[in-house]
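# Commentary on secondary and tertiary structure
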Amino acid sequence: MPTAAKLVAAILFAMTGFLAAESFKPQMPEGTAFGSFSLIVGGIGLICGWMVMGGLAGRGYLASAGFGLRTSVTIVFWALLGFSIHRMVSLSLSAMPYDSPMAAIVGIFQEMVKFGRLLPARDVLIALGVGGIFGGMAAEWASRRWR
């Protein structure tokens, strides 16, 4: 059921995902083609804000700050998984580096680890942390304000 908390969380976590993606770009090798990377991560943030944070609002400001951080981590997980699957499929279609389907599945997680090692950059963590806490508390405020 649509609520004000879900709408506020969706908008703010879409912005958090977009800003985190923009701050992640300098960590990648020079010449990397990003395409619509930031928009896709923003879309993942929109969905996670609506489904994860929006449903958890209404349990207090401190809990919502924690739930906001949890939502930021959820955005990171789904973005890493989605882009790792895309990378594995691209590699499979171009050079066939995988001997079996199981090797391709293992390749997904290897790509997740490779991209995940670039995440601990200060700017990315600040965007995810501040955006998560602010988004969680704003969703809590919306939940209390418009019941």
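As a starting point, this report considers the structure included with it. (Residues numbered from 1 in each chain as written. Predicted model: local features only at pLDDT ≥ 70, side-chain atom pairs only at ≥ 80, totals over all residues. Heavy atoms only, no water.)

## Here's the deal with the nonpolar core
Counting residues in hydrophobic clusters, the biggest one holds 32 residues, and the most contacted among them are Phe24, Val41, Met53, Ile75, Leu80, Leu119 and Val124. For this core, the secondary structure elements donating two or more residues are helix H1 (4–24), helix H2 (37–56), helix H3 (61–94), helix H4 (101–116) and helix H5 (122–145). The element best represented in this core is H3, accounting for 7 residues. (Core = buried A, V, L, I, M, F, W, Y, C linked by side-chain atoms within 4.5 Å. Buried < 20%, exposed > 50% of the residue type's maximum accessible area, 1.4 Å probe, protein only. Helix = DSSP H or I, 4+ residues; strand = E, 2+ residues; numbered from the N terminus.)

## A few points about the packing of H2 against H3
Contact geometry for H2 and H3: axes closest at 9 Å, N-to-C directions at 140°. Considering the angle they form, H2 stands oblique to H3. Crossing of H2 over H3 shows right-handed handedness. Between H2 and H3, the contacting residues are Phe37, Ile40, Val41, Ile44, Gly45, Cys48, Gly49, Val52, Met53 and Leu56 on the first element and Ser64, Phe67, Gly68, Arg70, Thr71, Thr74, Ile75, Trp78, Ala79 and Phe83 on the second. Here the contact of H2 with H3 is composed, by residue class, of 13 nonpolar, 6 polar and 1 charged. (Axes fitted to C-alpha atoms, helices over the stretch in contact; angles between N-to-C directions. Parallel < 35°, antiparallel > 145°, perpendicular 65-115°, else oblique. Left-handed = near helix turned anticlockwise from the far one by under 90°. Contact = heavy atoms within 4.5 Å. Nonpolar A, V, L, I, M, F, W, Y, C, P; charged D, E, K, R; others polar.)

## Section: a nonpolar patch on the surface
The grouping of Leu7, Ile11, Met15, Leu46, Ile47, Trp50 and Met51 at the surface amounts to a nonpolar patch, some 680 Å² of accessible area in total. Listed by contribution, the elements that provide at least two residues to the nonpolar patch are H1 and H2. Looking at which element gives the most residues to the nonpolar patch, the answer is H2, with 4 residues. If you trace the backbone, Met51 turns up in helix H2. (Patch = residues over 30% accessible without salt bridge, like charges linked within 9 Å, V, L, I, M, F, W, Y side chains within 5 Å. Areas by Shrake-Rupley, 256 points an atom, 1.4 Å probe, with all protein chains shown as cover. Salt bridge = Lys/Arg side-chain N within 4 Å of Asp/Glu carboxyl O.)

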